[in-house]
Amino acid sequence: ILITRVDATLQTPMYFFLGNFSFLEICYVSVTLPRMLMGLWTQRGTISFFTCATQMCFFLILGATECFLLAVMAYDRCVAICDPLHYPLLMRPQVCVGLVVASWVSGAPVQIGQTCQIFSLPFCGSNTINHFFCDIPPLLKLACGDIFVNEMVVYIFGILFVTVPFLLILGFYIRIISTVLKLPANTGRTKAFSTCSSHITIVLLFYGSATVTYLKPKSDEHEGLDKLISLFYTILTPMLNPIIYSLRNKDVRKAMRKFLT
């Protein structure tokens, strides 16, 4: 984030989105990881009802924001490759800020409502959450009575916040691929695909694990596997993002060397 702010060559829409994405990942990891580490250190895995609700609410809001922001970044690459002459007009600063703000705020009301709905359920019996943070699937397993409606709401919101952005990303990349294949020079194709490879890697890691977690049928047989998959989109993917987006990027490495010297 600091390098993109101080280096003039990196003050472009792509790095503006990357800066916001990096800040989002910092917030995203801060919701779950510190509490998990504290529990491992103290060997006390307790969490209050209100803190659990707060953690889940912020986790869902930031997760929805990441879905939308990844779609915005795909749109940026699509415009840059498919319509380069109109890129400065279509991705002017006001548009970029508007897209980022929309990504941050669009999921908040729905996810707050979903959190209130989940925590208004009657909980009885065990109060042990079989997970390393407060998430929807393990909490629904502790609820009493008929939760069919709640599960349907989870699937609907999962489709809305996971499937729809993913389909948008897929559509953007279909257009990118069709445009790149029309390029006459192999060098141009390689450069175009290289600018998208980092984004594709993160999309596959994040959406693949999130889809398995929220859209698969509920089962008690693979709870260990569910927690392992959750590690991908809560810890592993954010840890890999700086490597994938920064250290593999020639422009960022060049700016970093200049900044350090």
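The shown structure was predicted, so the numbers you read here are calculated from the model rather than taken from an experiment.

Engineer: When you look at the side chain of Asp7 in this model, what are you seeing that I'm missing?
Structural biologist: With respect to the element layout, Asp7 can be found in the loop between α1 (2-6) and α2 (13-42). Within the local environment of Asp7, its side chain forms a polar contact with the side chain of Lys258, the two groups lying 3.3 Å apart. With residues near it in sequence (within four places) discarded, Asp7 still touches Ala255 and Lys258.

Engineer: It is not clear to me how the packing of aromatic side chains should be interpreted in this structure. Could you clarify?
Structural biologist: The relative placement of two aromatic rings is captured by the distance of their centres and the angle of their planes. With the rule as written, the count across this model stands at 13 aromatic pairs. With a centroid separation of 5.1 Å and 85 degrees between ring planes, the pair formed by Phe49 and Phe119 is classed as edge-to-face. Of this pair, Phe49 sits in helix α3 (residues 49-82) while Phe119 is found in helix α6 (residues 108-119), placing the two residues 70 residues apart along the sequence. According to the relative accessible area criterion, Phe49 is exposed, its value standing at 52%. An angle of 50 degrees between the planes, with centres 6.4 Å apart, marks the rings of Phe119 and Phe123 as tilted. The class for Phe119 is buried, based on a relative accessible area of 12%. By relative accessible area, which is 31% here, Phe123 ends up partly exposed. Among the aromatic residues, those joined into a ring-pair cluster are Tyr28, Phe59, Phe132 and Phe133.

Engineer: Could you clarify how one ought to interpret the pattern of salt bridges in this entry?
Structural biologist: Between side chains of opposite charge, a pair can form as their charged atoms come close. Enumeration according to the criterion identifies 2 salt bridges in this entry. The residue Lys258 makes a salt bridge to Asp7 at a minimum N-O spacing of 3.3 Å. Of this pair, Lys258 sits in helix α11 (residues 250-260) while Asp7 sits in the loop between α1 and α2, and the two are 251 residues apart along the sequence. Lys258 sits in the exposed class, given a relative accessible area of 55%. For Arg77, the salt bridge identified is with Asp76, shortest N-O distance 3.1 Å. Given the relative accessible area of 10%, Arg77 is considered buried.

The rules behind each value
- Residues numbered from 1 in each chain as written.
- Predicted model: local features only at pLDDT ≥ 70, side-chain atom pairs only at ≥ 80, totals over all residues.
- Heavy atoms only, no water.
- Helix = DSSP H or I, 4+ residues; strand = E, 2+ residues; numbered from the N terminus.
- Polar contact = N/O pair within 3.5 Å; in protein donor to acceptor, adjacent residues only side chain to side chain.
- Contact = heavy atoms within 4.5 Å.
- Phe/Tyr/Trp six-rings, centres within 6.5 Å; stacked < 30°, edge-to-face > 60°.
- Buried < 20%, exposed > 50% of the residue type's maximum accessible area, 1.4 Å probe, protein only.
- Salt bridge = Lys/Arg side-chain N within 4 Å of Asp/Glu carboxyl O.

Honestly, that's just the spatial picture; any functional story needs more than this.
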